[in-house]
Amino acid sequence: MPQVPPPRWSEAELQEDAGAAIDYFRDTRLVEPLELYLDEFDDFRSTLENLIEETIDLSGLREKAVALLIDAQVLTSVRYLAGPPISEDDLKVISKTDSLAPSRITSDPEMARRVVDTIMLGLDRRRFPWVSEDREPTDAERETAIVATAALIATQKVQTWRRNKAKVEQEEAVAEVLKQNGFTQVPTRAIQNISHFPDMGEFCRESDFGGRKADLIVRLWDGRVLPIECKVSNSSTNSVKRLNNDAAAKAEVWIGKFGTSNVVPAVVLSGVFKIHNLENAQTRGLSLFWAHRLEAMIDFIESTRP
């Protein structure tokens, strides 16, 4: 039996589905949890108020580094004193430390002070002008700095929550529709050659596939494997990173390792994507499906039955 090729969508079809995905994104975005943002804002506002008070308007931050940084919420607040904020990964590299865990901070006070020194070198002088000017802040300056920093942290927390929630929901939806159509979920595994593939009619999740992680790996009824990436984009600019620089790049690696006769790389999309980015990814060997229309993916899977 000849292998059934995966669907390739025309520009008009991509425009129709991309438009539907944007409509769905708008609907869900309008009901984002304002309460989550407000809760995060209030929590970090309180933390920042205490931080500034305990360190005498940040002048004593270095001396109290160990006691402060072992608290995860304080550590986050300290990272956001910089302008722009410094991620944990970047902070570890710049401050020459392998870990920011409380036990590591407690065991190495000099490292904790080095972390604070790194933050203070990048301190946002617009939010904290009194530090570089070596003076006490006015009440208005202190309040403005606290509110602005709490808002920055709360916004990032909600964005991270939204992105993770959307991706998890997408993966769950794909897994559920596979089960509804006769597939069995099997344990995660590392797949380096054909002998490691799941059996036909099986799929696994979050597995290493030829050296690159795939969100789901499905064994089609004709023996080929469908590695699926789930991608959520909240902007057309972000879509380049999620689709072309990640999913399409993985597709090229997988095709190079296993060959087109053994693997059909795919991505399930939701959110905002530019048409030319979709066309580029499709040209590079990536099969495109949409979270709002998973029946198209099932139609292809069913077409591989003998």
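Residues numbered from 1 in each chain as written. Predicted model: local features only at pLDDT ≥ 70, side-chain atom pairs only at ≥ 80, totals over all residues. Heavy atoms only, no water.

Let us now look at the layout of surface pockets. Looking at the largest pocket, its volume works out to about 580 Å³. In terms of lining residues, the largest pocket is bounded by 27 residues, among which Tyr24, Thr28, Ala166, Glu169 and Ser270 are the most central. Mapped onto the lining of the largest pocket, the elements with two or more residues apiece are helix 1 (11-30), helix 9 (139-180), strand 4 (225-233), helix 10 (236-258) and strand 5 (266-271). The element contributing the most residues to the lining of the largest pocket is helix 9, with 9 residues. In this model, the second largest pocket occupies a volume close to 230 Å³. (1 Å grid on protein atoms, 1.4 Å probe; cavity = no way out; pocket = protein on both sides within 12 Å on 5 of 7 lines; lining within 4 Å. Points joined across faces, edges and corners; volume = space filled by probe spheres on them. Helix = DSSP H or I, 4+ residues; strand = E, 2+ residues; numbered from the N terminus.)

A word on the pairing of strand 3 (residues 212-219). In terms of residue burial, strand 3 counts as a mostly covered element, since 6 of its 8 residues are buried. As judged from the 6 bridges shared by strand 2 (residues 202-209) and strand 3, these two strands associate in the antiparallel manner. Within strand 3, the position partnered with arginine 205 by the bridge is leucine 216. Hairpin remark: strand 2 followed by strand 3, antiparallel, with 2 residues in the connecting loop; positive phi at glycine 210, about 65°. As defined by bridge partners, strand 3 adjoins strand 4 across 4 bridges and the pair is classed as antiparallel. Along strand 4, the bridge assignment pairs leucine 216 with isoleucine 228. Hairpin connection from strand 3 to strand 4: 5 residues lie between these consecutive antiparallel strands, with glycine 223 at a positive phi of about 100°. (Buried < 20%, exposed > 50% of the residue type's maximum accessible area, 1.4 Å probe, protein only. Pairing = 2+ DSSP bridges.)

Viewed as axis vectors pointing N to C, helix 2 (residues 34-54) and helix 4 (residues 72-79) meet at an angle of 80°, and their least axial separation amounts to 10 Å. Looking at the two axes, helix 2 sits roughly perpendicular to helix 4. Across the interface between the two elements, Asp43, Phe44, Thr47, Leu48 and Leu51 of helix 2 pack against Gln73, Val74, Thr76, Ser77 and Val78 of helix 4. Considered class by class, the residues forming the contact of helix 2 with helix 4 number 5 nonpolar, 4 polar and 1 charged. (Axes fitted to C-alpha atoms, helices over the stretch in contact; angles between N-to-C directions. Parallel < 35°, antiparallel > 145°, perpendicular 65-115°, else oblique. Contact = heavy atoms within 4.5 Å. Nonpolar A, V, L, I, M, F, W, Y, C, P; charged D, E, K, R; others polar.)

Once that is clear, we can look at the pattern of salt bridges. Enumeration over the complete set of coordinates arrives at 28 salt bridges. A salt bridge links glutamate 171 to lysine 167, with the shortest nitrogen-to-oxygen separation between them at 3.0 Å. Taken as a pair, glutamate 171 and lysine 167 lie in helix 9 at a separation of 4 residues, close to a single helical turn. In this structure, arginine 205 engages glutamate 171 in a salt bridge whose closest nitrogen and oxygen atoms are separated by 3.7 Å. Of the two residues, arginine 205 is situated in strand 2 and glutamate 171 in helix 9; the sequence distance between them amounts to 34 residues. A single burial state applies to arginine 205 and to glutamate 171, both of which are buried. (Salt bridge = Lys/Arg side-chain N within 4 Å of Asp/Glu carboxyl O.)

Buried within helix 11 (residues 275-283) are the following residues: Ile275, Asn277, Leu278, Ala281 and Gln282. Taken end-on, helix 11 shows its buried residues confined to a sector of 160°, consistent with a single buried face. On the buried face of helix 11, the contacting elements are helix 1, helix 10, strand 5 and strand 6 (287-290). Phi turns positive one or two residues past the end of helix 11, at glycine 285, with a value near 100°. (Arc of directions from axis to C-beta.)

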